[in-house]
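The residues making up each chain are set out below.
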Amino acid sequence: MPQGTLFYAQSGGVTAVINATASAVLTEARARKVRVLAGRNGILGALREELFDTSKESAAAVRALAHTPGGAFGSCRYKLKSLEADRPKYERLLEVLRAHDVRWFLYNGGNDSADTANKVSQLAAEFDYPLTCIGVPKTVDNDLVVTDCCPGFGSAAKYTAVSVREAALDIAAMADTSTKVFVYEAMGRHAGWLAAAAGLAGDGPDAAPHIILFPERSYEEADFLARVQKVVDRVGHCVVVASEGIRTADGTFVADAGGGKDSFGHTQLGGVASYLAGRVKDRLGLKVHWTLPDYLQRSARHIASQTDLDQAMAVGRAAVRYALEGRNATMPAIIRTSSAPYRWKIEPAPLDRIANREKTMPKGFIRRDGYGITAAARAYLEPLIRGEAYPPYGRDGLPKYVALKNTLVKKKLAAWEG
């Protein structure tokens, strides 16, 4: 039996399959006789010494995590700064880990989480504390570098493509006497991956979505409105999909809510769909409906992609293996080996190549006119949404999700005053 404890925590916006990764982590650790403590609300759980004893959860509950959305242990948006700027916090973190004999640190999140895991590994080395740190990938934004795709994205992409296709049928049926333009807002601050996934809903010049707005391309209002009118004139209606992070040529967010910064230092965005709908109504005089799926697109476990589920569990298993093998400052990355047929594998990637970097849409994935996806993008995206991983349903017609006991271990240190 390995000596020591494994710490696992979830960070940032949750996904439809982040709990599947947690399920795989716990299952793999139990098979190797390793105790796992989970942080309550991400890294804050470690700083506050609020640690869940996962050994109190039944095997059935751990299995059920794989089909339960949300974040079973709680997540957070809490960014630790540099080792120099936030040194007392890092030292407190190390003090808690040492008190509970934590030798393996797994942080499940996106870019900022990879950065945190990397910095914790550096501090542990400085204090000569035997700690192996692993970043575990997750994000619906699909913007982590090195890895071909990110667990969580495939399911959100499937939800987006299905929702846009279904809404487009609704609009087409009613367009003669009702709504002419429909605007769907997709998550994506700097990267247009989810908006691009909407392009899978249809193929051809008259198929919805007729216009996609990407953060990678500047938003030009006059050109956008002219295209909307042309589509309406030709097709009878127009379906628009816009990333929340589209910007004007000077770099200003179209949907800047004026609400300052969030806890990660990001601009707090408002609703780009409502803004665009207002401009279409005011300038073109067309009846418009808009939607902001917001959390729905990342929590829709009922329509999860089987590919996404398989990859979410694979990175969880690999994270435990890498930790026990001593692969410090590493992340299990998904490597595509073939697109047709679709094949992939998991390989270790160094965190310093991933932390604080962002993968945006390649130029070759965006149509020359800037308003749609190319065949190359379609070939990349299609395998990621394949397969249906439905949760079990109860007699009440609702999915059967699990709620963990989440029993806290006894604290050994003084309360954190951070």
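Everything numeric here is computed off the predicted structure, so don't read it as measured data. (Residues numbered from 1 in each chain as written. Predicted model: local features only at pLDDT ≥ 70, side-chain atom pairs only at ≥ 80, totals over all residues. Heavy atoms only, no water.)

Caption draft 1: Inspection of the sheet that holds strand β8 (residues 238-243) at higher detail. Overall, parallel pairing links the four strands, which are arranged β7-β8-β6-β11 in an open sheet. At either end of the open sheet lies a strand with only one pairing partner, and these are β7 (211-213) and β11 (288-291). Between one strand and the next, the sheet's axes are offset by a mean angle of 15 degrees, whatever the strand orientation. Looking at chain direction, strand β6 (residues 181-186) and β8 are connected through six bridges and run parallel. Paired with Tyr184 across the two strands is Val241, which belongs to β8. Sheet contacts for helix α8 (residues 221-235): β6, β7 and β8; angle to β8, the most-contacted strand, approximately 150 degrees. Contacts between helix α9 (residues 272-284) and the sheet are confined to β6, β7, β8 and β11, with β11 contributing the most and set at about 175 degrees to the helix. (Pairing = 2+ DSSP bridges. Helix = DSSP H or I, 4+ residues; strand = E, 2+ residues; numbered from the N terminus. Axes fitted to C-alpha atoms, helices over the stretch in contact; angles between N-to-C directions. Contact = heavy atoms within 4.5 Å.)

Caption draft 2: Structural detail: the packing of α8 against α9. Orientation of α8 relative to α9, taken along the N-to-C sense of each, is 70 degrees, at an axis distance of 11 Å. As the angle between them shows, α8 and α9 are arranged roughly perpendicular. Here α8 contributes Glu221, Phe224, Leu225, Val228 and Gln229 to the contact with α9, which in turn contributes Tyr275, Leu276, Arg279, Val280, Arg283 and Leu284. In terms of residue class, the contact of α8 with α9 is made up of seven nonpolar, one polar and three charged. (Parallel < 35°, antiparallel > 145°, perpendicular 65-115°, else oblique. Nonpolar A, V, L, I, M, F, W, Y, C, P; charged D, E, K, R; others polar.)

Caption draft 3: Layout of helix α11 (residues 306-324). In this model α11 runs 28 Å from its N-terminal to its C-terminal C-alpha over 19 residues, within 8% of the 27 Å that 1.5 Å per residue would give. Downstream of α11 by one or two residues, Gly326 has phi in the positive range, about 80 degrees. (Expected span 1.5 Å × (residues − 1).)

Caption draft 4: Structural detail: the environment of Ala46. Structurally, Ala46 can be placed in helix α2 (residues 43-47). Through-space distance from the C-alpha of Ala46 to that of Ala333 is 25 Å; in sequence the pair is 287 residues apart. Not counting residues up to four positions away in its chain, the partners in contact with Ala46 are Phe7, Leu51, Leu93 and Val96.

Caption draft 5: Structural view of the layout of surface pockets. What the second largest pocket holds in volume is close to 420 Å³. In terms of lining, the second largest pocket is formed by 24 residues, of which the most central are Pro205, Pro209, His210, Arg367 and Tyr371. Put simply, the parts of the chain that give the lining of the second largest pocket at least two residues each are β7, α8 and α12 (375-381). Counting residues per element, the lining of the second largest pocket draws most heavily on α8, which supplies six residues. (1 Å grid on protein atoms, 1.4 Å probe; cavity = no way out; pocket = protein on both sides within 12 Å on 5 of 7 lines; lining within 4 Å. Points joined across faces, edges and corners; volume = space filled by probe spheres on them.)

Caption draft 6: Just the environment of Leu37, in detail. Within the secondary structure layout, Leu37 lies in strand β2 (residues 35-39). With a relative accessible area of 0%, Leu37 lands in the buried category. Placed 29 residues apart in sequence, Leu37 and Tyr8 show a C-alpha to C-alpha distance of 6.3 Å. Look past the residues within four positions of Leu37 in its chain and what remains in contact with it is Thr5, Leu6, Phe7, Tyr8, Leu51, Phe52, Asp53, His100 and Val409. (Buried < 20%, exposed > 50% of the residue type's maximum accessible area, 1.4 Å probe, protein only.)

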